[in-house]
Amino acid sequence: MTMTPNLDPTTIKLLAFDIDGTLVGADHKISPFTKTILTRLRAKGILTTLATGRILPGVKAYADELEIDIPLIMSNGSVLQDRHGRVSALTCLPLEVVQAAIRIARQEGRDLVLYVKDKMYIEKMTENIRPTYGSLLNDGLYEVGSWEAFTDQLGNASKCVIPDPFDEQHLFETEPLLKEALDGRAVTLRTSPVLLEVQPKHVTKAKGLSQLAETLGITLRQVIAFGDYNNDVEMLCVAGMGVAVGDATPACLDAADLLVASPEEEGPAHFLEEFLLI
């Protein structure tokens with residue numbers, strides 16, 4: 001980590017937060033102190049957005065609680081959409097990439113989740129899918145029975161996810177097979193210990209953040225970004241200040257300018273109070 005030199009707090013216009021492990025801890029709730037600080041900063045003209053691998057059904061409650069009315073960076077940068085459903089940017093995977101992901105998932109006996117705009121689709125609910133997505137069934141997550149019955153929507157997917165909350169080794173084994181099948185047409189990434197994802201090339205949270213900053217008429221130098229996992233790395237690198245949170249991964253720590261305490265300890269909020277509200 002290397003502290004960003006000469007960053008003037010008065011120039012900051014936007015805060016970008018990863019959600020899990022960054023904005024919220026194990027209880028998945030925004031702490032009252034964090035909400036208070038972000039509300040005070042909004043009153044000073046400093047906006048907040050969320051930058052996440054999730055899509056709107058898994059983000060809306062947080063955005064509503066924080067009254068975020070600018071676009072949210074979702075699906076790891078593939079979707080820019082506000083909490084009211086308005087889409088300002090969308091990048092989809094090539095159809096042949098989705099077909100290759102389906103083929104490898106079936107070949108290896110893995111479950112697959114397809115993200116299409118603000119909905120997620122699975123063939124059927126399984127014990128591998130339930131821990132991560134079960135609460136969203138029929139409220140953002142839908143069963144299609146078979147991918148063959150969903151052919152007309154496969155080309156609209158912004159990402160594919162293979163979940164395995166029980167044996168991470170399965171994801172380690174599947175990733176090289178996916179990469180070979182994709183043949184450079186898309187990228188694979190790990191966004192948590194239980195998820196392996198396929199997303200469009202050149203699409204990252206950093207790209208989404210750049211698009212949002214341009215829309216708001218600000219520079220990336222005027223942004224502080226917070227994250228804790230590998231899919232946050234590019235975003236931390238491009239922001240005026242990149243802040244790693246809690247038990248951040250080594251790659252995230254390398255990309256960050258500083259490390260703050262976990263969301264359970266309200267690390268980001270205490271840092272913002274000291275840095276921006278003195």
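Below or above, wherever it landed, is the structure these notes cover. (Residues numbered from 1 in each chain as written. Predicted model: local features only at pLDDT ≥ 70, side-chain atom pairs only at ≥ 80, totals over all residues. Heavy atoms only, no water.)

On to helix α1 (residues 32-43). Its 12 residues place the ends of α1 17 Å apart at the C-alpha level, agreeing with the 16 Å of an ideal helix rising 1.5 Å per residue. Listing the buried residues of α1 in full gives T34, I37, L38 and L41. The arc enclosing the buried residues of α1, seen along the axis, measures out at 95 degrees, which places them on a common side. Among the exposed residues of α1, those oriented more than 90 degrees off its buried face are P32 and A43. Directly after α1, the chain includes G45, whose backbone phi takes a positive value near 90 degrees. (Helix = DSSP H or I, 4+ residues; strand = E, 2+ residues; numbered from the N terminus. Expected span 1.5 Å × (residues − 1). Buried < 20%, exposed > 50% of the residue type's maximum accessible area, 1.4 Å probe, protein only. Arc of directions from axis to C-beta.)

Turning our eyes to something else, we now look at helix α6 (residues 205-216). Along its 12 residues, α6 runs 16 Å from first to last C-alpha, staying within 8% of the 16 Å computed at 1.5 Å per residue. Where α6 is concerned, the buried positions are K205, A206, G208, L209, L212 and A213. Viewed end-on, α6 has its buried residues packed into an arc of 160 degrees, placing them on one side of the element. Residues of α6 that are exposed and point more than 90 degrees away from the buried face comprise E214 and T215. The opening residue of α6 is T204, an N-cap whose side-chain oxygen sits 3.1 Å from the backbone nitrogen of A206. (Polar contact = N/O pair within 3.5 Å; in protein donor to acceptor, adjacent residues only side chain to side chain.)

Soluble globular proteins tend to bury their nonpolar side chains together. L15, L41, L50, I224, F226, F271 and L272 are the most contacted members of the largest nonpolar core, which has 56 residues in total. In contact with L50, other than residues within four places in its own chain, are F17, I19, L23, V59, Y62, A63, I68, L72 and I73. (Core = buried A, V, L, I, M, F, W, Y, C linked by side-chain atoms within 4.5 Å. Contact = heavy atoms within 4.5 Å.)

Structurally, Q199 can be placed in strand β11 (residues 195-200). Residue class for Q199 comes out buried when judged on its relative accessible area of 3%. Among the polar contacts listed, one links the side chain of Q199 to the backbone oxygen of V203, at a separation of 2.3 Å.

Glancing now at the sheet that holds strand β2 (residues 47-50). Across the sheet, five strands lie side by side as β2-β1-β12-β13-β14; this open sheet has parallel pairing. The outermost strands of the open sheet, each flanked by one partner alone, are β2 and β14 (258-260). Averaged over all neighbouring strand pairs, the angle between strand axes comes to 25 degrees, with direction disregarded. Two elements, strand β1 (residues 14-17) and β2, share four bridges in a ladder whose sense is parallel. Directly across from F17, in β2, lies its bridge partner L50. Across the sheet, helix α9 (residues 267-276) touches β1, β12 (223-227), β13 (241-245) and β14, and the angle it forms with β12 is around 160 degrees. (Pairing = 2+ DSSP bridges. Axes fitted to C-alpha atoms, helices over the stretch in contact; angles between N-to-C directions.)

So, on to the packing of helix α3 (residues 95-107) against helix α5 (residues 168-182). Helix-helix packing: each pair is described by the crossing angle between the helix axes and the interaxial distance. It is the contact of α3 with α5, at a shortest axis distance of 9 Å, that shows an interaxial angle of 145 degrees. Between α3 and α5 lies a crossing whose hand is right-handed. Of the residues in α5, those in contact with V97, A100, A101, R103, I104 and Q107 of α3 are T174, L177, L178, A181 and L182. (Left-handed = near helix turned anticlockwise from the far one by under 90°.)

Let us now look at the pattern of salt bridges. All chains considered together, the criterion is met by 15 salt bridges. Here E197 makes a salt bridge to K159, at a shortest N to O gap of 2.8 Å. Taken together, the residues E197 in strand β11 and K159 in strand β9 (residues 159-163) connect sequence positions 38 residues apart. Of the two residues, E197 and K159, neither departs from the other in class, the shared state being buried. D232 is paired through a salt bridge with K205; the nearest N and O atoms lie 2.5 Å apart. In this pair, D232 is assigned in the loop between β12 and α7 (233-238) and K205 in helix α6, connecting sequence segments 27 residues apart. For K205, a relative accessible area of 1% corresponds to the buried category. Here the residues in one salt-bridge network are K60, D64, D69 and R83, joined through shared partners. (Salt bridge = Lys/Arg side-chain N within 4 Å of Asp/Glu carboxyl O.)

The next subject is the sheet that holds strand β8 (residues 141-143). Ordered by their spatial adjacency, six strands build an open sheet running β8-β7-β6-β9-β11-β10, and the pairing between neighbours is mixed. Each edge of the open sheet is held by one strand with a lone partner, namely β8 and β10 (186-192). The average angle at which neighbouring strand axes cross in this sheet is 25 degrees, direction not considered. As defined by bridge partners, β10 adjoins β11 across six bridges and the pair is classed as antiparallel. Its bridge partner lying in β11, R190 is registered against L196. Most of the contacts of α5 go to β10, to which it runs at about 165 degrees, and overall it touches β9, β10 and β11.

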